[in-house]
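If you want the building blocks of each chain, they are given just below.
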Amino acid sequence: MKSETAPSGGSLEPIPHPPKKPFVGNTFSVGGTTPVQDLVKLARELGPIFQLDIMGRPITVVSGYSLVEELSDESRFDKSVRGALHRVRTISGDGLFTAYTSEPNWSKAHNILLPNFGDRAMQGYHPMMLDVAEQLMLKWARLNPDDEVDVVHDMTALTLDTIGICGFGYRFNSFYREDNHPFVDAMVDALEISMSVRGLPFEDVFNRSRTARLQADAVYLNSVVDRIIRDRKEERAASGDTQKTDLLDYMLTGVDRKTGERLDDENIRYQIITFLIAGHETTSGLLSFATYYLLNNPDVLARAYDEVDRVLGTDLSVKPTMKQVNALTYVQQILKEALRLWPTAPAFGLLPYKDEVIGGRYLLKARAQVMLLLPALHRDRSVWGERAEAFDPENFAPDRERARPLNAYKPFGNGQRACIGRQFAMQEATLVIGMILQRFRLIDHQRYVLRVKETLTLKPEGLKIKVRPRAQKNAIAAAAAPARAQSNGAAAQSNGAPAPVAAPPAQVPSHGTPLMVLFGSNLGTSEEIARSIADAASAQGFAVTLGWLDDFIGKLSTEGGVLIVCASYNGAPPDNAAGFYRWLQDGMAPDALAGVQYTVFGCGNRNWASTYQAVPRFLDEKLAEFGAERLFARGEGDAQEDIDAQARAWRWSLWQHVAKELGVTFDARAESDARPRYELEVVAGPQANPLAAAHGADAMRVLVNRELQTGGERSTRHLEVELPPGTTYGVGDHLGVVAENPPALVARALRRFGFADDTYVRLRATSSRSASLPVDTPVALERLLAHHVELQHTATRKQIATLAEHTQCPLTKPKLLALAAEDADSDAYMTEVKRKRRSVLDLLEEHPACELPFEAYLDMLPPMTPRYYSISSSPLAEPDRCSITAGVVREPAWSGLGTFEGVCSTYLDRHAENQTIDAFVKSSKSGFCLPDDPTRPIVMIGPGTGLAPFRGFLQERDALRRSGRALGRA
């Protein structure tokens, strides 16, 4: 059967292909109902790469790991949106899944939505996932003994309802109706039509009725989603004091930090349809395949039952917590292995930006279609061994998963176009499988033989089972309850006792040893840990320098130490560490970093073992490779667990080791210094405001400030500012604005502590920790709170525990202690504080009995940081002025207490023409490069930005130089 194309020239080899037929080529080599399975068979016969000729259009199918490793390079290959995926755009437009990477809305939506799929956001979705999962459990519990369960139907209903409620606050109520919701029927019909078109001659003529049906489906889907959006906007307008925590609200209110823009209603519609398609089709297939494999692997099922009983317990009245779901590690291994054998999104397409040679021998033409065939990749024996076809969850045991190459397992896609909701899907699937195994015995009464049905995704066709309630171990549950109650009672008694008075901390002499604390962070966790380490290092007497990794490329100090805190994103570095990563990646002399003493702490999520700690590990190894000396072993923080506690434990060991290596004093009492770092004295006199000077900011006159949106609820401002003499900027630079807290918020803080509006104070440093506020100079308290500190940050457990320490009221103190509790049985903090984004000020106003001193409150507040906006004008047009676009954030607070206002966007909104703002130009030239090939993307890295592709930029740049016009895509 094996045939070959003609060689392309030189030493290149031809790409194998099956025999062709005249005119139609290989069109009929792949069946219409099982194309993926047919391609897997061809891969077994033809090898890791082969080519199909579909009516004169070549498609190269790749499944070998060594070749996929090259194809995963995003600098050489872009996602392809062709064929069936292009036809799906009829209903999903430029949503995340079907958008072209070059489309502005892809980058905009990705930047806005990415933080809402992180670990912290998952905490908010957990109760809603649990709500729908309990509906499935109730349905199965009420079945008669002989009733069958249609697994695929029920899993599809569950995942659709979950994404509906978590994403958009919309209940399809699939478990309360006999038929499908009309929306589901229209969506499934549209997908089947899109997938069935094969590109045959005159096919459009014979498919006119199906094409008309597809258009009708699209009209209906759009009408339903547009109504959801319209209802939500009306609801938000009518109830100014409520705030939901779902994706729709994020899309309505989120602002792209790169462009300063929000999503328009049409794109929000497409994102909703995208999430409904991708969020329910793929996860339901995963749950169905996992159920099949559990039925057919009794030893795996028995081990899963044991883990569920141990982690979730046997008391069905106790709802699983997020922490318990994360602890179901073997269940997660089962799910990942099911995805290995049958990835529910079984293939994705790529396009080379230019002619490429892969494997050193196969030529791929520019913009030619390449398909990555995942079921075959996931069975590559060079990676998965001789038992690659067998179901074995041990493939995802932590040690084996870490040792496996990153690009050998890609069920969620590749790189920046990888599935944004993969953590959502895994959390939902783990919760559901855990609850099913906690409650039911699974019975394969049909002795089902796997048949895979292919639509947009893969699912086991006709999988039906029976379920029986498990015999619960009531005796064990009953015995455990009193012990738990006794333990909780003892803890409550302990928590209710007066806190012991700590001995005054030691005054560690400042030995002045330099310590660089550098971080790479997208979502803030690594930055928070780095700042806490910097404070602790100052308390131990170090001279601390704190900053982004990208700001210290080639500048690592050989005096003292370098401490790095960094995270990974899909195996890639955070935005503000990408340049540093490339610097190490490009290589240097073996002794180039000789004299540098360093250590690394990595942040990650062990649930993604293939990329867990990938970037921290890379930094650690590369620094050593180029001559730096490892001062202390790399630490790891896992977001599935208590990452703050892990960081504190690592830091404790670090100080003791570093003290010995660097010959400095370590004092444990200084490490636990809980005193406020400031003393406050009320004074009279003029104020100084050094914050703008600290950032090198100047007063810039606002020349234009106009509204870009009319007749709607949103506000987007276009501002043009006059640059001070001598200030210049370039393409890709950012304007840093020194923001301020809204006056109403500042007034709340002043009232809570009983200060008059015109109070002046002088701060004196009382601690060796770094002081970010102005000390030893008179300053207006109102300006101190407005300009120097963040008043709206979410309170931490440690801060709430401090509030409890300063509370004597017997009613208030237990409430605060309950919010600060870290035990597994309590998620009050997550539901009442974290999810509602309640600040320390919110809690103080709610609990007036708390007697927190103002100095302690001031010490809790993070320093105000500038906000960065992409400059949207060109210095070639008007070098003495620049323009930015800012979306105004002014929405009901999630806490239910008044209005949340963006500290910078509302600040800019208040400035009319001829008023001044404190601002400065931040250059991003260090991360800006022009490739030789103008069709390749240009990557620009700057403060507050993600990675933004710019295609054809060179031609536009040359045109701009000739015309002097403003740059439209800055």
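Bear in mind that the values here come from a model prediction, so they are computed numbers and not experimental data. (Residues numbered from 1 in each chain as written. Predicted model: local features only at pLDDT ≥ 70, side-chain atom pairs only at ≥ 80, totals over all residues. Heavy atoms only, no water.)

Peer 1: When you look at the overall build of the protein in this model, what are you seeing that I'm missing?
Peer 2: In terms of helices and strands, the protein carries 34 helices and 33 strands. Among the 970 residues that make up the protein, the fraction classed as buried is 54%. The contacts in the protein between residues at least 6 apart in sequence include a share of 74% that link residues at least 24 apart. (Helix = DSSP H or I, 4+ residues; strand = E, 2+ residues; numbered from the N terminus. Buried < 20%, exposed > 50% of the residue type's maximum accessible area, 1.4 Å probe, protein only. Contact = heavy atoms within 4.5 Å.)

Peer 1: I would appreciate a short explanation of the sheet that holds strand 6 (residues 149-150) in the present structure.
Peer 2: Each strand in a sheet pairs with its neighbour through backbone hydrogen bonds, running either in the same direction (parallel) or in the opposite one (antiparallel). With antiparallel pairing, three strands are arranged side by side in an open sheet as 6-14-11. Single-partner strands in this sheet number two, and they are strand 6 and strand 11 (440-443). Where strand 11 lies against strand 14 (residues 464-469), four bridges are found, and the strand directions are antiparallel. Its bridge partner lying in strand 14, Ile 443 is registered against Lys 466. (Pairing = 2+ DSSP bridges.)

Peer 1: Help me out: how do you make sense of unusual backbone geometry in this one?
Peer 2: The phi angle of most residues is negative, glycine excepted, and most peptide bonds adopt the trans form. In this structure, Met 55 is a non-glycine residue whose phi angle is positive, near 55°. With respect to the element layout, Met 55 can be found in the loop between strand 3 (49-54) and strand 4 (57-62). A positive phi angle is found at Arg 447, which is not glycine, with a value near 50°. Looking at the element boundaries, Arg 447 is found in the loop between strand 11 and strand 12 (452-454).

Peer 1: Looking at this structure, how should I read the environment of Ile 529?
Peer 2: Take Ile 529: it is sitting in helix 20 (residues 525-539). Residues Ile 529 and Ile 643, 114 residues apart in the sequence, show an inter-C-alpha distance of 9.2 Å. Setting aside chain neighbours within four positions, we find Ile 529 in contact with Val 565, Phe 601, Cys 603, Ile 643 and Ala 647.

Peer 1: Can you help me understand the environment of Glu 822 in this one?
Peer 2: Topologically, Glu 822 is positioned in the loop between helix 29 (812-820) and helix 30 (828-834). Judged by its relative accessible area of 43%, Glu 822 falls in the partly exposed class.

Peer 1: Quick question: what am I supposed to make of the sheet that holds strand 28 (residues 881-887) here?
Peer 2: An order of 27-24-31-22-23-28 is seen for the six strands of this open sheet, with the pairing classed as antiparallel. If you trace the sheet from one side to the other, it starts and ends with strand 27 (867-870) and strand 28, each paired once. Shown here is a sheet whose adjacent strand axes are inclined to one another by a mean of 40°, direction ignored. (Axes fitted to C-alpha atoms, helices over the stretch in contact; angles between N-to-C directions.)

Peer 1: How should I be thinking about the pattern of salt bridges in this particular structure?
Peer 2: Pairs can form between side chains of opposite charge once their charged atoms are near each other. Within this structure, the stated rule accounts for 48 salt bridges. Between Lys 139 and Asp 154 there is a salt bridge, with the nearest N and O atoms lying 2.8 Å from each other. Taken together, the residues Lys 139 in helix 5 (residues 119-141) and Asp 154 in helix 6 (residues 151-168) connect sequence positions 15 residues apart. Using a relative accessible area of 3% as the deciding quantity, one classes Asp 154 as buried. (Salt bridge = Lys/Arg side-chain N within 4 Å of Asp/Glu carboxyl O.)

Peer 1: What am I meant to see in the confidence of the model for the protein here?
Peer 2: Detailed reading of the predicted coordinates is not advisable wherever pLDDT is low. Looking at the protein, the pLDDT average stands at 82 and 83% of residues meet or exceed 70. Here residues 473-507 is modelled with pLDDT under 50, and outside its nearest four sequence neighbours on either side it reaches 19 contacts, counting other chains as well. (pLDDT = per-residue confidence, 0-100.)

Peer 1: How should I be thinking about helix 29 in this particular structure?
Peer 2: Since the α-helix advances by 3.6 residues per turn, residues separated by three or four positions end up pointing in the same direction. Among the residues making up helix 29, those that are buried are Thr 812, Lys 813, Leu 816, Leu 817, Leu 819 and Ala 820. All buried residues of helix 29 lie within an arc of 160° about the axis, which places them on one face of the element. (Arc of directions from axis to C-beta.)

Peer 1: I tried to follow the packing of helix 28 (residues 797-805) against helix 29 on my own but got confused; where do I start?
Peer 2: The relative placement of two packed helices comes down to the angle between their axes together with the axis-to-axis distance. Running from amino to carboxyl end, helix 28 crosses helix 29 at an angle of 165°, the nearest separation of the two axes being 8 Å. Classified by the angle between their axes, helix 28 and helix 29 sit roughly antiparallel to one another. Once helix 28 is placed against helix 29, the crossing between them reads as left-handed. Counted together, Arg 797, Ile 800, Ala 801, Leu 803, Ala 804 and Glu 805 of helix 28 and Lys 813, Leu 816, Leu 817, Leu 819 and Ala 820 of helix 29 form the full contact between these two elements. Along the lines of polarity and charge, the residues of the contact of helix 28 with helix 29 split into eight nonpolar, no polar and three charged. (Parallel < 35°, antiparallel > 145°, perpendicular 65-115°, else oblique. Left-handed = near helix turned anticlockwise from the far one by under 90°. Nonpolar A, V, L, I, M, F, W, Y, C, P; charged D, E, K, R; others polar.)

Peer 1: Whenever I open this one, the pairing of strand 23 (residues 716-722) confuses me. Can you help?
Peer 2: Each regular strand carries side chains that alternate between the two faces of the sheet. The buried fraction of strand 23 is high, at six of seven residues. Sheet topology note: the strand 22 (residues 698-707)/strand 23 ladder contains six bridges and is antiparallel. Residue pairing in the sheet places Arg 701 in a bridge with Glu 722 of strand 23.

Peer 1: Teacher, can you tell me more about the packing of aromatic side chains here?
Peer 2: The geometry of an aromatic ring pair comes down to the distance between the two centres and the angle between the two planes. If you walk through the whole model with that rule in mind, you get 22 aromatic pairs. Ring geometry for Tyr 292 versus Tyr 293: centroids 4.9 Å apart, planes at 65°, classification edge-to-face. Residues Tyr 292 and Tyr 293 agree in their burial class; the two are buried. On the numbers, 5.1 Å between centres and 45° between planes, the contact of Phe 601 with Trp 650 is tilted. Of this pair, Phe 601 sits in strand 18 (residues 597-604) while Trp 650 sits in helix 23 (residues 643-662), and the two are 49 residues apart along the sequence. The pair Phe 601 / Trp 650 is uniform in exposure class, with both members buried. Among the aromatic residues, ring-to-ring pairing joins Tyr 292, Tyr 293, Phe 391 and Tyr 448 into one connected group. (Phe/Tyr/Trp six-rings, centres within 6.5 Å; stacked < 30°, edge-to-face > 60°.)

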